[in-house]
Amino acid sequence: MTAPEASDAYDPFEDFNRSAGVGLVDDPYPLFALARPQAPVIEDNVLESMGLEGAEDAPEIVQRVFTAYSFDAVQQVLRDGETFSSAGYAAVMGEVMGHTILEMDEPEHHTYRGLVQQAFSRKTMERWEKEAVLPIVDEHLDAVIDRGSAELVRELTFPFPVNVIARLLGLPRADLPQFHRWAVELISVGFNWDRGIQASHALRDYFAAILAERRASPADDLMSTLAAAELDGQRLTDEEIFAFLRLLLPAGAETTYRSSSNLLFGLLTNPDQLDALRADRTLMPQAIEEGLRWEPPLLTIVRTATCDTVVDGVEVSEGSIVIVNMGSANHDEKHWDRSEEFDIHRKPKQHLAFAFGPHMCLGIHLARMETRVVLDRILDRLPNLRLDPSAEPPKIEGMTFRAPAALPVLFG
Ligand code: HEM
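Scoring rules and cut-offs
- Residues numbered from 1 in each chain as written.
- Predicted model: local features only at pLDDT ≥ 70, side-chain atom pairs only at ≥ 80, totals over all residues.
- Heavy atoms only, no water.
- Helix = DSSP H or I, 4+ residues; strand = E, 2+ residues; numbered from the N terminus.
- Buried < 20%, exposed > 50% of the residue type's maximum accessible area, 1.4 Å probe, protein only.
- Contact = heavy atoms within 4.5 Å.
- Areas by Shrake-Rupley, 256 points an atom, 1.4 Å probe, with all protein chains shown as cover.
- Near = heavy atom within 4 Å.
- Polar contact = N/O pair within 3.5 Å; in protein donor to acceptor, adjacent residues only side chain to side chain.
- Nonpolar A, V, L, I, M, F, W, Y, C, P; charged D, E, K, R; others polar.
- Expected span 1.5 Å × (residues − 1).
- Donors = N, O, S within 2.8 Å, 3.2 Å for Na, K, Ca; no water.
- Salt bridge = Lys/Arg side-chain N within 4 Å of Asp/Glu carboxyl O.
- Phe/Tyr/Trp six-rings, centres within 6.5 Å; stacked < 30°, edge-to-face > 60°.
- Lys NZ or Arg CZ within 6 Å of the ring centre and 35° of its normal.
- Pairing = 2+ DSSP bridges.

### What about the overall build of the chain?
Part 1 of the reasoning: Assigned secondary structure in the chain consists of 17 helices and 14 strands.
Part 2 of the reasoning: Going through the 412 residues of the chain one by one, you find that 52% of them count as buried.
Part 3 of the reasoning: Considering only intrachain contacts with a sequence separation of at least 6, the fraction spanning at least 24 residues in the chain is 74%.
Part 4 of the reasoning: As displayed, the chain has an accessible area near 18600 Å², and 54% of this comes from carbon and sulfur atoms.

Printed below as a string of structure tokens:
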């Protein structure tokens with residue numbers, strides 16, 4: 001992605017792209033297609049693949065690593081939170097985000113989820129659509145509409161989900177540029193650890209001041225709802241609220257930017273499907289699900305086996321790390337015909353982009369609503385939308401997180 005100003009020596013967006021592995025892997029799907037027929041779950045010899053000698057004599061303490069590739073294996077692991085723990089996230093992610101819902105096992109997870117999901121009710125979603133998502137998407141489109149051209153990632157899909165979260169939290173408008181910068185630095189922690197940790201502390205202090213205000217005089221926003229949430233006499237502590245708010249940036253902003261960009265990419269590179277969707281908006285829900293199946297924004301998540309077990313017929317020993325490859329599962333040829341193809345006319349069927357089981361995405365309705373609104377407004381307001389033939393053809397990149405770095409388009 002090009003920096004907005006050549007003179008700007010430090011561009012957090014560049015760090016962000018590098019941390020997402022952009023430029024490293026164009027397309028891992030052919031590798032997954034080679035792996036699936038071998039076995040549904042395959043052990044990776046980490047030491048051997050690092051080229052270390054004597055890997056076969058490694059002490060038992062080295063954790064074994066398995067990757068689940070088939071749809072059935074991935075679904076089985078995700079469904080069973082008792083055999084497959086999420087606690088492994090604490091080591092790295094806990095440092096950056098605090099103790100979040102992602103790293104909790106039962107029964108702690110169930111209680112906490114019951115508290116935070118009060119902020120994501122269907123009624124709230126309807127209000128957010130009208131008061132936050134629609135006006136924010138329109139503001140971004142207003143800025144490009146007279147130009148007849150745009151770079152849809154930098155000018156729309158990347159900024160809008162962070163702006164939505166800022167609006168839901170009730171953050172002052174003037175704070176948006178700083179908030180966005182911290183958000184990008186936080187999610188680029190894999191690339192620049194120190195800057196990520198600094199952003200995490202800065203966000204905590206920033207949220208603390210606003211939470212104190214909302215506790216004193218509650219407003220009609222997500223921060224106030226979390227402050228007031230109660231279940232069986234239990235409430236969220238301030239630290240739990242800060243951890244959740246930090247998680248919202250990578251969980252709620254980065255994924256939605258990627259899913260809406262990937263869907264747009266699928267449509268722009270298949271103009272017949274773009275025309276079909278424009279002509280018949282009842283196709284929208286299945287187009288959104290097909291985009292998520294075909295190019296999920298997040299390909300892999302991780303679990304740890306709590307006992308010796310068998311996954312889709314393959315033995316996995318206690319203490320092993322299990323890499324859950326949702327991208328591969330979503331392309332499993334046993335589940336979908338022409339599984340590598342993007343086809344919005346496909347009959348909708350359960351995919352695993354939002355995971356499955358106890359940790360299945362909490363923001364699923366918000367994510368679908370945001371994607372629907374952004375697509376609808378693009379189709380309503382940008383007639384004759386097409387890729388800019390004079391620009392370099394975009395491609396979806398990345399190994400764990402995937403999206404196009406740019407979507408240069410013409411319209412009108
Ligand atoms: C298309 C967009 C999205 C995708 C593909 C996605 C995907 C996922 C996945 C795969 C997980 C499971 C992670 C794991 O267990 O390791 C997850 C969990 C989660 N997601 Fe999303 N997500 C999206 C959007 C959102 C949004 C908009 C929010 C904002 C509220 C959100 C909030 C969460 C939260 C809080 C969790 C943790 C749930 C738990 O641990 O019980 N996500 N998401």
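Text resumes after the structure shown.
### Overview of the site of the ligand
Part 1 of the reasoning: Surrounding the ligand, one finds 29 residues, the nearest of these being Tyr89, His109, Arg303, His359 and Cys361.
Part 2 of the reasoning: Contact distances for the ligand include 2.6 Å between an oxygen atom and a side-chain N or O atom of Tyr89.
Part 3 of the reasoning: Here an oxygen atom of the ligand and a side-chain polar atom of His359 are 2.6 Å apart.
Part 4 of the reasoning: Those elements that provide at least two residues to the shell around the ligand are α6 (108-116), α13 (238-268), β7 (300-305) and α17 (364-381).
Part 5 of the reasoning: For the shell around the ligand, the class distribution of residues is 19 nonpolar, seven polar and three charged.

### Re the environment of Trp182
Part 1 of the reasoning: For Trp182, the location among the structural elements is in helix α10 (residues 176-187).
Part 2 of the reasoning: Here Trp182 is in contact with Ala199, Ala202, Leu203 and Tyr206, once residues within four sequence places are set aside.

### Focus on α10
Part 1 of the reasoning: The end-to-end C-alpha distance of α10 is 16 Å, a good match for the 16 Å that 12 residues give at a rise of 1.5 Å each.
Part 2 of the reasoning: All of the buried residues in α10 are Phe179, His180, Trp182, Ala183, Val184, Glu185, Leu186 and Ile187.

### As for the coordination of the iron atom of the ligand
Part 1 of the reasoning: Protein coordination of the iron atom of the ligand rests on one atom only, Cys361 (SG), at 2.3 Å.
Part 2 of the reasoning: Take Cys361: it is sitting in the loop between α16 (326-329) and α17.

### Re the pattern of salt bridges
Part 1 of the reasoning: Counted under the stated rule, the structure contains 28 salt bridges.
Part 2 of the reasoning: When the shortest N-O distance is used, the salt bridge between Glu155 and Arg147 registers 2.7 Å.
Part 3 of the reasoning: Since its relative accessible area comes to 47%, Arg147 is described here as partly exposed.
Part 4 of the reasoning: Glu290 is the partner of Arg293 in a salt bridge, and the nearest nitrogen-oxygen pair spans 2.9 Å. You can see Arg293 and its partner Glu290 sitting in helix α15 (residues 284-294), three residues apart, about one turn around the helix.

### Side note on the packing of aromatic side chains
Part 1 of the reasoning: Scanning the model with the defined rule gives 11 aromatic pairs in all.
Part 2 of the reasoning: Where Phe32 meets Tyr69, the ring centres are 6.3 Å apart and the plane angle is 50 degrees; that geometry is what we call tilted. Remark: Tyr69 occurs in the loop between β2 (65-68) and α4 (71-79) and Phe32 occurs in helix α2 (residues 29-35); sequence separation between them is 37 residues. The same class applies to Phe32 and to Tyr69, which are both buried.
Part 3 of the reasoning: When the ring of Tyr206 is compared with that of Phe207, the centres are 6.1 Å apart and the planes differ by 45 degrees; the resulting orientation is tilted.
Part 4 of the reasoning: By relative accessible area, which is 14% here, Tyr206 ends up buried.
Part 5 of the reasoning: According to the relative accessible area criterion, Phe207 is buried, its value standing at 0%.
Part 6 of the reasoning: Chaining the aromatic ring pairs together yields one cluster made of Phe179, Trp182, Tyr206 and Phe207.
Part 7 of the reasoning: The ring of Trp336 is capped by Arg293, whose NZ or CZ atom sits 5.4 Å from the centre of that ring.

### Digging into the pairing of β7
Part 1 of the reasoning: Of the strand pairs in this sheet, strand β3 (residues 84-85) and β7 are connected by two bridges, and their pairing is antiparallel. Counted as the bridge partner of Phe84 is Ala305 from β7.
Part 2 of the reasoning: Where β7 and strand β10 (residues 321-325) come together, five bridges link them in antiparallel fashion. Across the sheet, the residue bridging to Val302 is Ile323, located in β10.

Purely spatial values, then, with no claim about function.
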